[in-house]
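Secondary and tertiary structure notes
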Amino acid sequence: MWAVIAALVANALIAVLKFVAAGVTGSSGLMAEALHSLADTTNQVFLLLGLRFYKRPASKKHPFGYGKERFFWSFIAAIFIFGVGATYALYEGYSKLRHPQTPENFKWAYWVLGISFLLETVSIVVAITQEMKEARHEGLTFREYLNESKDPTAKTVIFEDTAALIGIVIATAGIYLTEHQIGPEKGAYWDGLASMVIGVVLAVVAFMLARTSRGLLLGESATPKSVAAIRRAIVNHPNVCEVVELLTMHLAPNQILVNAHINLRNQLTTDEIEQTVSEIEAAIQRAEPKVYNIFLEAARESASEESELASQHGN
């Protein structure tokens, strides 16, 4: 939440500054960055909506709750980055290359880009600090957590801020090369080229974020570490002979659904099976606290009599 709020405030201020500077200088690179910051600001609103809506309790229409709201709004944010940021930056750069117009008032551009860089740095430091706390809580390194985390919200903030910093550097380079007329090309060539490169960066970031959110929306399984912990919790019970099948799915970043088919010892009575199932459920939730729903299908090994016991637990 704090990472998103910090990014929202920073990007809103940056967007205003960049639009003013783009109007004063006539730089296509700055205009591309202004639209980029506007897209980022809107995306923070989308992420806040996801953080609010996913907490709604389960209903008859949505018996597993609304946890995937987080994934949906992150996917919308990725589309918005591409649709508003990348597309316009590419168009603006192409237009400037076809109809060159040299920017003016370069000092405005440098000041605004410098202030923007500082604000984006503050935003990404807040986001990384939050992620590092979560990583320590999970017992992972920052890189491992970033790769394994099923929380697209913080990832979106970090990716957006990283793209913003890269974009600022590219826009600054375009302004500098244009101002000093470096290279064989004159006029607004470098400024237009900078805008197109920014568009490509935004398109790549949008694709990466969309791919992550897509996997989670389609029903991505828990991490191998979590699956292994759940499996150990089951097989370590003395009455379990075999785990026939173990399926997991993230309902939200910190909510995992578990569906398992297990074989138990033949000698167990119905009451003992029920007791065993309860003990296994408790062991699973101790092994992986993110487990939110558990469905167990238990059968006696090599026996004709089968007992299917399903249980659902919600936090």
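Residues numbered from 1 in each chain as written. Predicted model: local features only at pLDDT ≥ 70, side-chain atom pairs only at ≥ 80, totals over all residues. Heavy atoms only, no water.

Observations regarding the side chain of Arg70
As a reminder of what qualifies: Put simply, DSSP H or I for four residues or longer makes a helix, DSSP E for two residues or longer makes a strand, and each gets a number counted from the N terminus. Each polar contact in these results corresponds to two N or O atoms within 3.5 Å; when the atoms are within protein, one needs to be able to donate a hydrogen and the other to accept it, and residues that are neighboring in sequence are counted only if both atoms are side-chain atoms. Here, two residues are considered to be in contact whenever any of their heavy atoms come within 4.5 Å of each other.
The topology assignment puts Arg70 in helix H3 (residues 69–98). A distance of 2.7 Å separates the side chain of Arg70 from the side chain of Asp151, its partner in a polar contact. Excluding its chain neighbours within four sequence positions, the residues that come into contact with Arg70 are Gly50, Leu51, Tyr54, Asp151, Pro152, Thr153 and Pro253.

Side note on the environment of Met249
With respect to the helices and strands, Met249 occurs in strand S1 (residues 240–252). Separated by 196 residues in sequence, Met249 and Phe53 place their C-alpha atoms 20 Å apart. Filtering out sequence-adjacent residues up to four positions away, Met249 remains in contact with Lys68, Gly219, Glu220, Ser221, Gln255, Ile256 and Leu257.

Examining the pattern of salt bridges
Opposite charge on two side chains lets them pair, provided their charged atoms get close. Here is the rule: Here, a salt bridge means any Lys or Arg side-chain nitrogen found within 4 Å of an Asp or Glu carboxyl oxygen. Buried residues are those whose accessible area, probed at 1.4 Å on protein chains only, stays under 20% of the maximum for their type, while exposed residues exceed 50% and partly exposed ones sit between those limits.
A full pass over the atoms with the stated rule returns four salt bridges. In this structure, the salt-bridge partner of Arg56 is Glu69, at a minimum N-O distance of 2.6 Å. With Arg56 in the loop between helix H2 (28–53) and H3 and Glu69 in helix H3, the pair connects residues that are 13 residues apart, well separated along the chain. Across the salt bridge formed by Glu220 and Lys150, the nearest N and O atoms sit 2.4 Å from each other. Within this pair, whereas Glu220 is found in the loop between helix H7 (189–217) and helix H8 (224–235), its partner Lys150 is found in the loop between helix H5 (142–148) and helix H6 (152–179), the two being separated by 70 residues in sequence. Overall, the relative accessible area of 27% leaves Glu220 in the partly exposed class. Taking the relative accessible area as the measure of exposure, Lys150 reaches 12% and is therefore buried.

Some words on the pairing of S1
The line we're drawing: Pairing between two strands requires that DSSP report at least two bridges joining them.
Of the pairings in the sheet, the one linking S1 to strand S2 (residues 255–264) comprises 10 bridges and is antiparallel in character. Each residue of the ladder has a partner; that of Leu246, found in S2, is Ala260. What sits between S1 and S2 in their antiparallel hairpin is a turn of two residues.

Re the confidence of the model for the protein
Inclusion rule: The predictor rates its confidence in each residue with pLDDT, a number between 0 and 100.
When pLDDT is averaged along the protein, the result is 85; 93% of the residues meet or exceed 70. For the stretch residues 303–315, pLDDT sits under 50, and the model shows 35 contacts to residues farther than four places along the chain or on other chains.

Notes on the nonpolar core
Nonpolar side chains tend to gather and get buried jointly when the protein is soluble and globular. Stated precisely, the cut-off is as follows: Throughout this description, the term nonpolar core refers to a set of buried Ala, Val, Leu, Ile, Met, Phe, Trp, Tyr and Cys residues connected via side-chain atoms within 4.5 Å.
By size, the foremost hydrophobic cluster in this structure holds 23 residues, and its most contacted members are Leu30, Ile81, Leu113, Ile198, Leu202 and Leu209. The set of elements that each furnish at least two residues to this core consists of helix H1 (2–25), H3, helix H4 (106–138), H6 and H7. For this core, the element with the most residues is H7, which contributes eight residues. With residues near it in sequence (within four places) discarded, Leu202 still touches His36, Ile81, Gly85, Ala86 and Ala163.

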